[in-house]
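What the coordinates show
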Amino acid sequence: MKFDTIIIGGGLSGLVCGIRLQKAGRKCAIVSAGQSAMHFSSGTFDLLGRLPDGTPVDDPIEAISKLDGGHPYSILGADSVEKYAAEAEDFFAGCGIKVSGNAHKNTWRVTPTGERKPSWLTISDFTPLEAKDSAIGSKALIVNILGYLDFNTRFLADSFERQGTSCRIESIKLDEMERLRKNPSEMRATNIARVMDRDGVWEKAAAKVKEKLQGEDVLVLPAVFGLKDASVVEKMREAIGVRTMFIATMPPSVPGIRSQLTLRAEFEKAGGRFFLGDTVVDADYNEDGTVKSIGTVNFGDIRLYADDFVLASGSFFSKGLIATPEKVCEPVFGADLTIAEGRDNWFDRNFWKRQNYISFGATVSSSLNVSVEGREIANLYAIGSLVGGCNALYEGCGGGVAIITAMKAADVILEK
Ligand SMILES: Cc1cc2nc3c(=O)[nH]c(=O)nc-3n(C[C@H](O)[C@H](O)[C@H](O)COP(=O)(O)OP(=O)(O)OC[C@H]3O[C@@H](n4cnc5c(N)ncnc54)[C@H](O)[C@@H]3O)c2cc1C
């Protein structure tokens, strides 16, 4: 089978790259082993929340000059990052995902535990806060669904109260949830959303929530609405009539999964082929050292050929990188990696501290080419969290690196 470009990995970076290439007329395939980080998404894409030394960042673009040369943003250059960041909002709108944000000014999101984290693009389900200590209102009603354990109302109330908002906690009971409630492991965000999304059910939930209001100016609900269609979230807001904040739940993430499904549908609508549940296992090369084809588990002896290959296989979490007690490797091509010298520097025994292994990843050129054994491969690119040199968790830059490297790699391929 022959394509113009084959992308390995169908998470955020693989899909953004695939959509951009496919819409520009290239024939693309994405081979993806399974779930992606989007299934665990907080509902925001983060550009840069703090510098490697811990300094908080207010203006991500301005802060790029303070990053060291190995960071993906430094490799691409601040102008390039700014250009792609400016395109991102329209890119997602074009795919049917409403996001808002400003690459020159971080806003703040509320995490499931009530913490606040800097963010760039916020999916429209959520309400970005202007400042870390912004009050969400003067009186809040926090409503959970009876039996749902992945939405910690007490943590949220404590956090909102610290910023001067008085909080009351209630829950609603819906007959339609009874089947799920019988088994607590079934009471997960995605299962609840499947029930809520049915016509008649979300209307009932909205009416029950409304009955609980006692003059509060803000209502707080778990983000368990609109698994397939974001309009359910807007309809809930309208039906309730009071300013409603949806808060990310513990995983799985309903808005994250919806966004992943929407991007995949957009890629396929543009003519791309998405092979889900298949794993790329090896590659072979042309005489000039470029990649010729890849092999996958499901295709067996049938090789997949392309002019260009994009590695979007993620980090350890998605098995884009594999660690053994002796080494860390990229399993498909054996790509050269940027890793910390000395195993003792890989991690900190204090779980909550910065973990260096999260910044391990593929060493890339300014056009995102990968090298293998020191030799740059002209038609192989790495994007997203597979790229080394940044610590997505500590610096809060995962979404930004994924989106911006994906757009850049697509443009490099298109300009060839
Ligand atoms: C749990 C978690 C939550 C996060 N939440 C956020 C957030 O809320 N906001 C934010 O900005 N950033 C977040 N991040 C950072 C995140 O890494 C990026 O935002 C981004 O989603 C990464 O996308 P990706 O496409 O690079 O990789 P991934 O999403 O990891 O996708 C990689 C894909 O490649 C597939 N794959 C791997 N190997 C192969 C193979 N050999 N063959 C075929 N397919 C393969 C995997 O199955 C997976 O589908 C989070 C990260 C994690 C781990």
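Note: the structure precedes this text.
On a predicted model such as this, the values are computed, not experimentally measured, just so you know.

1. Section: the overall build of the chain
Along the backbone of the chain there are 12 helices and 21 strands. With the C-alpha coordinates aligned to their principal axes, the bounding extent of the chain is approximately 75 × 45 × 40 Å. For the chain, with 416 residues in total, the buried portion stands at 54%. Look at the contacts in the chain between residues 6 or more apart in sequence, and 68% of them connect residues 24 or more apart. For the chain, the centre of its 48 positive side-chain charges and the centre of its 54 negative side-chain charges are spaced 6 Å apart.

2. Quick look at unusual backbone geometry
Put simply, Pro251 and Pro252 share a cis peptide bond, and its omega is 0°. By the secondary structure assignment, Pro252 is in the loop between strand 11 (244-247) and helix 10 (254-269). With a phi close to 70°, Lys319 is a non-glycine residue in the positive phi region. For Lys319, a relative accessible area of 62% puts it in the exposed group.

3. So, the packing of aromatic side chains
Counting across every chain of the model gives 9 aromatic pairs. Consider the rings of Phe275 and Phe299, whose centres lie 5.1 Å apart with planes at 90°: the pair is edge-to-face. With Phe275 in strand 12 (residues 273-276) and Phe299 in the loop between strand 14 (291-296) and strand 15 (304-311), the pair connects residues that are 24 residues apart, well separated along the chain. Across the pair, Phe299 and Phe275 agree in class, each one buried. The ring of Phe3 is capped by Lys27, whose NZ or CZ atom sits 5.3 Å from the centre of that ring. The aromatic ring of Tyr394 is capped on one face by Arg50, whose charged end is 3.8 Å from the ring centroid.

4. Structural notes on the site of the ligand
Around the ligand, a shell composed of 33 residues is seen, among which Ser13, Ser42, Ser318, Ser385 and Gly399 lie nearest. Here Ser32 contributes a side-chain N or O atom positioned 3.2 Å from an oxygen atom of the ligand. Within the backbone of Ala37, an N or O atom sits 2.9 Å from an oxygen atom of the ligand. Considering the ligand on its own, with 980 Å² of exposed area, one finds that the protein chains cover 87% of that surface. Those elements giving two or more residues to the shell around the ligand turn out to be helix 1 (12-23), strand 2 (28-32), strand 3 (44-45) and helix 12 (398-414). Here the shell around the ligand takes 3 residues from helix 12, the largest share from any one element. In terms of residue class, the shell around the ligand is made up of 12 nonpolar, 19 polar and 2 charged.

5. Focus: the pairing of strand 13 (residues 280-285)
Bridge count for strand 13 against strand 14 is 5 bridges, and the pairing is antiparallel. Residue pairing in the sheet places Asp282 in a bridge with Gly295 of strand 14. Linking strand 13 back to strand 14 in an antiparallel pair, the connection comprises 5 residues, with Gly289 at a positive phi of about 90°.

6. A short note on the packing of helix 4 (residues 78-94) against helix 12
Their axes nearest at 9 Å, the elements helix 4 and helix 12 cross at an angle of 100°. Judged on the interaxial angle alone, helix 12 and helix 4 are roughly perpendicular. On helix 12, the residues touching Ser80, Val81, Lys83, Tyr84, Ala85, Glu87, Ala88, Phe91 and Phe92 of helix 4 are Ile403, Ile404, Met407, Lys408 and Asp411. Grouping the amino acids of the contact of helix 4 with helix 12 by side-chain chemistry returns 9 nonpolar, 1 polar and 4 charged.

7. Here we look at the sheet that holds strand 9 (residues 166-172)
The strands making up a sheet associate through hydrogen bonds between their backbones, and the pairing can be parallel or antiparallel. As summarised here, the arrangement of the 4 strands in space is 9-8-10-11, forming an open sheet in which the pairing is parallel. Single-partner strands in this sheet number two, and they are strand 9 and strand 11. Taking each pair of neighbouring strands and ignoring which way they run, the sheet shows an average axis angle of 25°. Pairing of strand 8 (residues 139-145) with strand 9, which is carried by 7 bridges, proceeds in the parallel orientation. Note that in strand 9 the partner of Ala140 across the bridge is Cys167. Relative to strand 9, helix 5 (residues 153-162) is tilted by about 160°, and along the sheet it contacts strand 8, strand 9, strand 10 (218-222) and strand 11.

8. A closer look at the sheet that holds strand 4 (residues 99-100)
Strand order in this open sheet of 3 strands is 3-7-4, and the pairing throughout is antiparallel. Looking at the sheet topology across the chains shown, the edges are occupied by strand 3 and strand 4. The pairing of strand 4 with strand 7 (residues 121-123) spans 2 bridges and is antiparallel. Among the inter-strand pairings, Ser100 is bridged to a residue of strand 7, identified as Thr122.

About the criteria used
- Residues numbered from 1 in each chain as written.
- Predicted model: local features only at pLDDT ≥ 70, side-chain atom pairs only at ≥ 80, totals over all residues.
- Heavy atoms only, no water.
- Helix = DSSP H or I, 4+ residues; strand = E, 2+ residues; numbered from the N terminus.
- Buried < 20%, exposed > 50% of the residue type's maximum accessible area, 1.4 Å probe, protein only.
- Contact = heavy atoms within 4.5 Å.
- Lys, Arg positive; Asp, Glu negative; His and termini not counted.
- Charge placed at Lys NZ, Arg CZ, Asp CG, Glu CD.
- Phe/Tyr/Trp six-rings, centres within 6.5 Å; stacked < 30°, edge-to-face > 60°.
- Lys NZ or Arg CZ within 6 Å of the ring centre and 35° of its normal.
- Near = heavy atom within 4 Å.
- Polar contact = N/O pair within 3.5 Å; in protein donor to acceptor, adjacent residues only side chain to side chain.
- Areas by Shrake-Rupley, 256 points an atom, 1.4 Å probe, with all protein chains shown as cover.
- Nonpolar A, V, L, I, M, F, W, Y, C, P; charged D, E, K, R; others polar.
- Pairing = 2+ DSSP bridges.
- Axes fitted to C-alpha atoms, helices over the stretch in contact; angles between N-to-C directions.
- Parallel < 35°, antiparallel > 145°, perpendicular 65-115°, else oblique.

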